[in-house]
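# Chain and residue survey
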Amino acid sequence: MKLRFTKMHGAGNDFVVIDAINQTVNLTSDQWRDVADRRFGIGADQILVVEKPTMPGVDFRYRIFNADGGEVEQCGNGARAFVKFVVEKGLTEHREIRVETMSGVIRPRLEDDGRITVDMGAPIFDTVRVPFDTAGLASKQQHAATLWHIPIGTRLREFVVLSMGNPHAVQLVDDVDTAAVLEEGPVIENHACFPRRVNAGFMQVVDKQRIRLRVFERGAGETLACGTGACAAVVAGIQLGLLDSPVAVATRGGELSIAWEGGQTPVMLTGPAVSVFEGTIDI
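Our subject in this report is the structure included herewith. What you see is a predicted model, and the numbers here were worked out from it, not measured in a lab.

## Notes on the overall build of the protein chain
Helices and strands together make up the secondary structure of the protein chain, namely four helices and 19 strands. Its C-alpha radius of gyration of 18 Å places the protein chain within 12% of the 19 Å reference for a compact globule of 283 residues. C-alpha extents for the protein chain along the principal axes are approximately 50 × 40 × 35 Å. Looking at the protein chain as a whole, 53% of its 283 residues are labelled buried. Here the analysis covers contacts within the protein chain between residues at least 6 apart in sequence; of these, 60% occur between residues at least 24 apart. Looking at the protein chain as shown, the accessible area adds up to about 12100 Å², and 47% of this sits on carbon and sulfur atoms. For the protein chain, the separation between the mean place of its 29 positive charges and that of its 36 negative charges on side chains is 1 Å.

Printed below as a string of structure tokens:
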């Protein structure tokens, strides 16, 4: 099977984007993993699949496969690449679209300056919906946030746990450059209290409107940027009383802007999306 694809990235978080409207796409998780392999495939953090919608009132269905071949609920940086792709390929005449995902409907918009803003919906703190098993865990309140004490190896770490359509555990660190991202990230990701695993965020607060962030992503490892991770970190920082919206998020791949007015208002994610090259792969 030959598949046409476009390689894209959003602040260094890189994607293979596949049009499944104008070609037949039906791959197994092993085949998705092969596509994402950086030595034997195209190479990507995630594979994004553009499909016809399955529900009324939306323009497209958006499916996301991590580098390990597993399908996941949401990818904020990918949503920006998604809208840029469908506009560039002439699949829509609209600059703002409604997109169906596993976790609900999102609304990405292509701005006049070329950046993309995505309405990511309201954050979810309900532990059942994250999902997050709190049995046996202690917690404390700081400002409007709940800080959960979770044992990571021999140390007890404090996390704000929430969902941005996918689960996140955010911790504060003094310096992201020296944070134990690669050592603790896999342990946090696969901790027993997260039944669907979790994205591990390491956040350094620079001032009230700027943070530095590294994220060890579920099923992908550390990436240069994580859109939902940036949203989760900013929401956590605002809940902790450390940040004021809007917040600039400096990642290793570039800068994102996150705005959230609190409560059940949506989190707005703004950043770049870039097309790199196109090609065909034999599967």
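## Overview of the pairing of strand β12 (residues 167-172)
Consecutive side chains of a regular strand alternate in pointing toward one face of the sheet and then the other. Counting buried positions along β12 yields five of six residues, so the element is predominantly enclosed. The pairing of strand β11 (residues 155-163) with β12 spans four bridges and is antiparallel. The residue bridging Ser163 from the neighbouring strand is Pro167, located in β12. Hairpin geometry of β11 and β12 is characterised by an intervening segment of three residues between the two adjacent antiparallel strands and by a positive phi of about 95° at Gly165. Alignment of β12 against strand β13 (residues 199-207), held across five bridges, turns out to be parallel. Bridging from a neighbouring strand, Gln171 pairs with Phe202 of β13. Tracing the backbone out of β12, into helix α3 (residues 181-189) and back to the parallel element β13 gives a crossover that is right-handed.

## Observations concerning a nonpolar patch on the surface
On the surface, Val274, Val276 and Phe277 cluster together to form a nonpolar patch covering roughly 240 Å² of accessible area. If you trace the backbone, Val276 turns up in strand β19 (residues 274-282). Assessed through its relative accessible area of 49%, Val276 is described here as partly exposed.

## Digging into helix α4 (residues 227-239)
Three- or four-residue spacings in an α-helix give side chains the same orientation, since the helix completes a turn every 3.6 residues. Across its 13 residues, α4 extends 18 Å between first and last C-alpha, which sits within 8% of the 18 Å expected from 1.5 Å per residue. Most of α4 sits inside the fold, with 13 of its 13 residues counted as buried. At the C-terminal side of α4, Gly241 shows a positive phi close to 80°.

## Some thoughts on the environment of Gln23
The topology assignment puts Gln23 in the loop between β2 (13-19) and α1 (29-36). Overall, the relative accessible area of 11% leaves Gln23 in the buried class. Along the chain, Gln23 and Ile106 lie 83 residues apart, while their C-alpha atoms are 24 Å from each other. Leave out the neighbours within four places in its chain, and Gln23 touches Lys2, Leu3, Arg4 and Ile18. Only 2.9 Å separates the side chain of Gln23 from the backbone oxygen of Arg4, close enough to count as a polar contact.

## Focus: helix α2 (residues 76-88)
Between its first and last C-alpha atoms α2 spans 19 Å; for 13 residues at 1.5 Å apiece the expected length is 18 Å, and the two agree. Most of α2 sits out of view: 11 of its 13 residues are buried. Buried residues of α2: Gly76, Asn77, Gly78, Ala79, Arg80, Ala81, Phe82, Val83, Lys84, Phe85 and Val86, and no others. After α2 finishes, the residue Gly90 shows a positive phi value of roughly 70°.

## Notes on the pairing of strand β1 (residues 2-10)
As paired strands, β1 and β19 are joined by eight bridges and run antiparallel to one another. By the bridge assignment, Thr6 is partnered in β19 with Glu278. Counted along the chain from β1 to the antiparallel partner β2, the turn is two residues long, and its residue Ala11 has a positive phi close to 55°.

Rules of the game
- Residues numbered from 1 in each chain as written.
- Predicted model: local features only at pLDDT ≥ 70, side-chain atom pairs only at ≥ 80, totals over all residues.
- Heavy atoms only, no water.
- Helix = DSSP H or I, 4+ residues; strand = E, 2+ residues; numbered from the N terminus.
- Rg over C-alpha atoms; globule rule 2.2 N^0.38 Å.
- Buried < 20%, exposed > 50% of the residue type's maximum accessible area, 1.4 Å probe, protein only.
- Contact = heavy atoms within 4.5 Å.
- Areas by Shrake-Rupley, 256 points an atom, 1.4 Å probe, with all protein chains shown as cover.
- Lys, Arg positive; Asp, Glu negative; His and termini not counted.
- Charge placed at Lys NZ, Arg CZ, Asp CG, Glu CD.
- Pairing = 2+ DSSP bridges.
- Right-handed = clockwise from strand over helix to strand, strands pointing away.
- Patch = residues over 30% accessible without salt bridge, like charges linked within 9 Å, V, L, I, M, F, W, Y side chains within 5 Å.
- Salt bridge = Lys/Arg side-chain N within 4 Å of Asp/Glu carboxyl O.
- Expected span 1.5 Å × (residues − 1).
- Polar contact = N/O pair within 3.5 Å; in protein donor to acceptor, adjacent residues only side chain to side chain.

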